[in-house]
Amino acid sequence: MSITVRVPAKVNVQLAVGPARPDGFHDLANVFLAVSLYDEVTATPAESLRVTCEGPDADRVPLDRTNLAARAAELLAARHGITPDVHLHIAKDIPVAGGMAGGSADGAGALLACDALWGTGASRAELLDICAELGSDVPFSLVGGAALGTGRGEHLTELPVGGTFHWVFAVADGGLSTPAVYAEFDRLAPDVPAPAVSPALLDALRAGDPAALAGALANDLQPAALSLRPSLADTLAAGTAAGALAGIVSGSGPTTAFLVKDAEAAGSVAAALVASGTCRTARTATSPAPGARVLTA
Ligand code: C5P
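Residues numbered from 1 in each chain as written. Predicted model: local features only at pLDDT ≥ 70, side-chain atom pairs only at ≥ 80, totals over all residues.

> Help me understand the UniProt feature "binding site: ATP" (unreviewed entry) in the protein, please; the structure alone is not making it clear to me.
Under the local residue numbering, the UniProt record ascribes the feature "binding site: ATP" (unreviewed entry) to Pro95, Val96, Ala97, Gly98, Gly99, Met100, Ala101, Gly102, Gly103, Ser104 and Ala105. Mapped onto the elements, Pro95 comes out in the loop between β4 (86-91) and α2 (102-118). Given 25 C-beta atoms within a 10 Å radius, Pro95 is considered buried. Among all residues touching Pro95, those that are not within four sequence positions of it are Asp57, Met100, Gly102, Val171 and Thr255. (UniProt positions renumbered as here; feature names shortened; annotations may be inferred. Helix = DSSP H or I, 4+ residues; strand = E, 2+ residues; numbered from the N terminus. Buried ≥ 20, exposed ≤ 12 C-beta atoms within 10 Å, placed from the backbone. Contact = placed C-beta atoms within 7 Å.)

Here's what the structure looks like:
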């Protein structure tokens, strides 16, 4: 028997970053929006814990115990006195190390798949607790939709969204290390105020109004990502020149996200971005998307 779970990518429509905390993390006001690019994690009983991966970027996915899918299986098993003898296969469609929570998606997916496979019966609260232990973005991968993340991003409040938003994601060559981007943020902006969510942004989400959301998009990590990868400025310029309502670095980057007015605009902006030669590829997607879901049992 196998269990397959589908998990969405995310974009941060607002990422307000506060000062570094004593534990090294940063307090955030992090507005997550799940988007319709998905990884699928399949859990199958095996002799021992093993991770495999397929997809265009599979060679860049670590298959050892540092993979959040493996860590999720180990944490759930340890809590329930089980040995994590499971084969976790990741069908990867979310850009790797791209600022779209692809690794976090695999952690949340593996957790839900192992819970179903082993009949662990973990409560939602326990699953969310394990997600927070795995990483700051992992709880949101489980929940999906739209949510405000506070603390280091792991404390979630679900947010209402009044319509469908259309996006184009420009996928860059290679990844960016999240710790490196936060370190660059600290170097560029050593004195920052406590992070606060934008009321205009919450209104735009609630109204499902793309023009209003475009005006409210904000990512405090963007200057740091641009400092480490100056060529992202060319990608942002190409997307807005092609008619996007707004462009922003997704999370810690280097994927850039373009909000567009409808599906037709998504197609033309994606084609223009590819033609511009400023990105490796471009993907279209919509939001909000549902969180981690079991597909087969
Ligand atoms: O929680 P996660 O493992 O995804 O975090 C990866 C790294 O990103 C952390 O080690 C830290 O350097 C940085 N980070 C941070 N503040 C946050 C979230 C992540 O500084 N709120």
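Here the narrative resumes, following the displayed structure.
> How do you make sense of the site of the ligand when you look at a structure like this?
The immediate surroundings of the ligand are formed by Gly24, Phe25, His26, Leu28, Gly135, Ser136, Asp137, Arg152, Gly153, Thr178, Pro179 and Tyr182. When contributions to the shell around the ligand are tallied by element, the ones reaching two or more residues are β2 (26-45) and α5 (178-188). By residue number, the principal contributor to the shell around the ligand is α5, which donates three residues. Considered class by class, the residues forming the shell around the ligand number four nonpolar, six polar and two charged. (Near = placed C-beta within 6 Å. Nonpolar A, V, L, I, M, F, W, Y, C, P; charged D, E, K, R; others polar.)

> Just checking my understanding: could you explain the sheet that holds strand β9 (residues 246-249) for this structure?
As a general point, the strands of a sheet are linked pairwise by backbone hydrogen bonds and lie either parallel or antiparallel. What the four strands build is an open sheet, ordered β9-β10-β7-β11; its pairing is antiparallel. If you trace the sheet from one side to the other, it starts and ends with β9 and β11 (281-287), each paired once. Sheet twist, expressed as the average angle between the axes of neighbouring strands with direction ignored, equals 25°. Taken together, the four bridges between β9 and strand β10 (residues 256-260) define a ladder with antiparallel strand orientation. The partner of Ile248 across the bridge, within β10, is Ala257. Sitting on the sheet, helix α9 (residues 232-241) touches β7 (165-171), β9 and β10, and the angle it makes with β10 is about 10°. Those strands touched by helix α10 (residues 263-276) are β7, β10 and β11, and its axis lies near 10° from that of β7. (Pairing = 2+ DSSP bridges. Axes fitted to C-alpha atoms, helices over the stretch in contact; angles between N-to-C directions.)

> Sorry, what's going on with the packing of helix α1 (residues 68-79) against α2 here?
For any two helices packed against each other, the geometry comes down to the angle between their axes and how far apart the axes lie. Two elements in contact, α1 and α2, have axes separated by 7 Å at closest approach and are oriented at 35°. Between α1 and α2 lies a crossing of right-handed hand. Of α2, the residues touching α1 (which contributes Leu68, Ala69, Arg71, Ala72, Ala73 and Leu76) are Gly103, Ser104, Asp106, Gly107, Gly109, Ala110, Leu111, Cys114 and Asp115. Counted by class, the contact of α1 with α2 contains eight nonpolar, four polar and three charged residues. (Left-handed = near helix turned anticlockwise from the far one by under 90°.)

> Looking at this model, I keep getting lost on the pairing of strand β5 (residues 146-150). Mind explaining?
Along any regular strand the residues' side chains alternate between the sheet's two faces. When you tally the buried positions in β5, you get four out of five residues, the bulk of the element. As paired elements, β2 and β5 share four bridges and run antiparallel to each other. Directly across from Asn30, in β5, lies its bridge partner Gly149. Relative to strand β6 (residues 155-158), β5 runs antiparallel, the two being bridged by four bridges. In the sheet register, Ala147 faces β6, and the bridge partner there is Glu158. Between the antiparallel neighbours β5 and β6 lie four residues, among them Gly151 with a positive phi of about 65°.

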